[in-house]
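Take a look at the letters that make up each chain.
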Amino acid sequence: MARKPAADVVVVLGLGRFGKSLALELMAQGTEVLGIDASEAVIEKVSGRLTHAAVADTTDEESLRQLSVHEYGRAVVGIGSDLEASLLTASALINMAVPNVWAKAISNAHARILTQIGVHHVVRPEHDMGKRVAHLVRGRMMDYIEFDDGFAMVKTVAPAFAVGKPLSQTTIRSRYGVTVVAIKRPGEGFTYATADTVISPGDTIIVSGQARDTERFAELA
């Protein structure tokens, strides 16, 4: 396989539902992908849809070296249900000193072990999506993203009390502990909000702050 610049290629190991979806989305966004799976049938289904696709035992470091995985800068372990395969694959990547390793976890214990063996980024897709949907169902948020340490960004409708005045005069930050970071007029795109931005009826806003504060503020919509 020809050597590709590390910045241009992501190696996805394990092409189940998560890995396949991730690999195809990366391709759609213009990122080259080397997909690896132990199943020949799985590789046949993605052949021609990824930059490269190979059948290999992802837990075998030597097999991965033969595919030049150690030469690339980013790798994602998409294996979830087979904990042993997930951990051995991640361990092989760390042992090869791949500089940026992501891995899917299906439980807190799984995530903790992946972190302990040196995985740089651990994701829990089902868990994270469940939390996000729960927030959307509970409140009046149009979208919700939570980051580390309880920090969140919420897309919501501007509350009536803030309409018709510059943000600097709404006391949103002092009263609710959140910051309006962007605003969208009907029929227009989002723009950055400033202290002089005036909110109009029907505007959509994005606010940031502690998750609890953003939830409380969204309830005012």
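Here the structure is shown first, and the text comes after it.
Everything quoted here is computed from the prediction, not taken from an experiment.

(A) View of unusual backbone geometry. Even without being a glycine, S68 presents a positive backbone phi close to 65°. Within the secondary structure, S68 sits in the loop between α3 (61-66) and β4 (74-77).

(B) Focus on a nonpolar patch on the surface. A cluster of nonpolar side chains, contributed by I145, F147 and F151, occupies part of the molecular surface with about 260 Å² of accessible area. For I145, the location among the structural elements is in strand β7 (residues 143-146).

(C) Layout of helix α5 (residues 108-116). The complete set of buried residues in α5 reads H110, A111 and L114. Mapping the buried residues of α5 onto a view down its axis gives an arc of 100°, with all of them on the same face. Opposite the packed face of α5, turned more than 90 degrees from it, sit the exposed residues N108 and Q116. Contact partners of the buried residues in α5: α4 (83-95), β5 (100-104) and β6 (121-123). With its phi angle positive at about 110°, G118 sits one or two positions after the end of α5.

(D) Inspection of the pattern of salt bridges at higher detail. Scanning all chains against the criterion turns up 3 salt bridges. Note that D203 is salt-bridged to R185, the shortest N-O span being 2.3 Å. Taken together, the positions of D203 in the loop between β10 (190-192) and β11 (204-210) and R185 in the loop between β9 (179-184) and β10 put the pair 18 residues apart, joining distant regions of the chain. Notably, a salt bridge pairs R216 with D213, separated by 3.9 Å at the nearest N-O pair. Of this pair, R216 and D213 both sit in helix α8 (residues 211-218), 3 residues apart, which is roughly one turn of that helix. Looking at D213, the relative accessible area reads 21%, which means it is partly exposed.

(E) Representation of the packing of aromatic side chains within the structure. All chains considered together, the criterion is met by 3 aromatic pairs. With a centroid separation of 6.3 Å and 45° between ring planes, the pair formed by F147 and F151 is classed as tilted. Overall, F147 belongs to the partly exposed group, its relative accessible area being 42%. Summarising the aromatic geometry, the rings of Y176 and F217 are spaced 5.7 Å apart at their centres and angled 65° between planes, so their arrangement reads as edge-to-face. Highlighted residues: Y176 in helix α7 (residues 172-176) and F217 in helix α8, separated in sequence by 41 residues. Looking at F217, the relative accessible area reads 1%, which means it is buried. Counting every residue linked through ring pairs, the aromatic cluster contains F161, Y176 and F217.

Quick notes on the rules
- Residues numbered from 1 in each chain as written.
- Predicted model: local features only at pLDDT ≥ 70, side-chain atom pairs only at ≥ 80, totals over all residues.
- Heavy atoms only, no water.
- Helix = DSSP H or I, 4+ residues; strand = E, 2+ residues; numbered from the N terminus.
- Patch = residues over 30% accessible without salt bridge, like charges linked within 9 Å, V, L, I, M, F, W, Y side chains within 5 Å.
- Areas by Shrake-Rupley, 256 points an atom, 1.4 Å probe, with all protein chains shown as cover.
- Salt bridge = Lys/Arg side-chain N within 4 Å of Asp/Glu carboxyl O.
- Buried < 20%, exposed > 50% of the residue type's maximum accessible area, 1.4 Å probe, protein only.
- Arc of directions from axis to C-beta.
- Contact = heavy atoms within 4.5 Å.
- Phe/Tyr/Trp six-rings, centres within 6.5 Å; stacked < 30°, edge-to-face > 60°.

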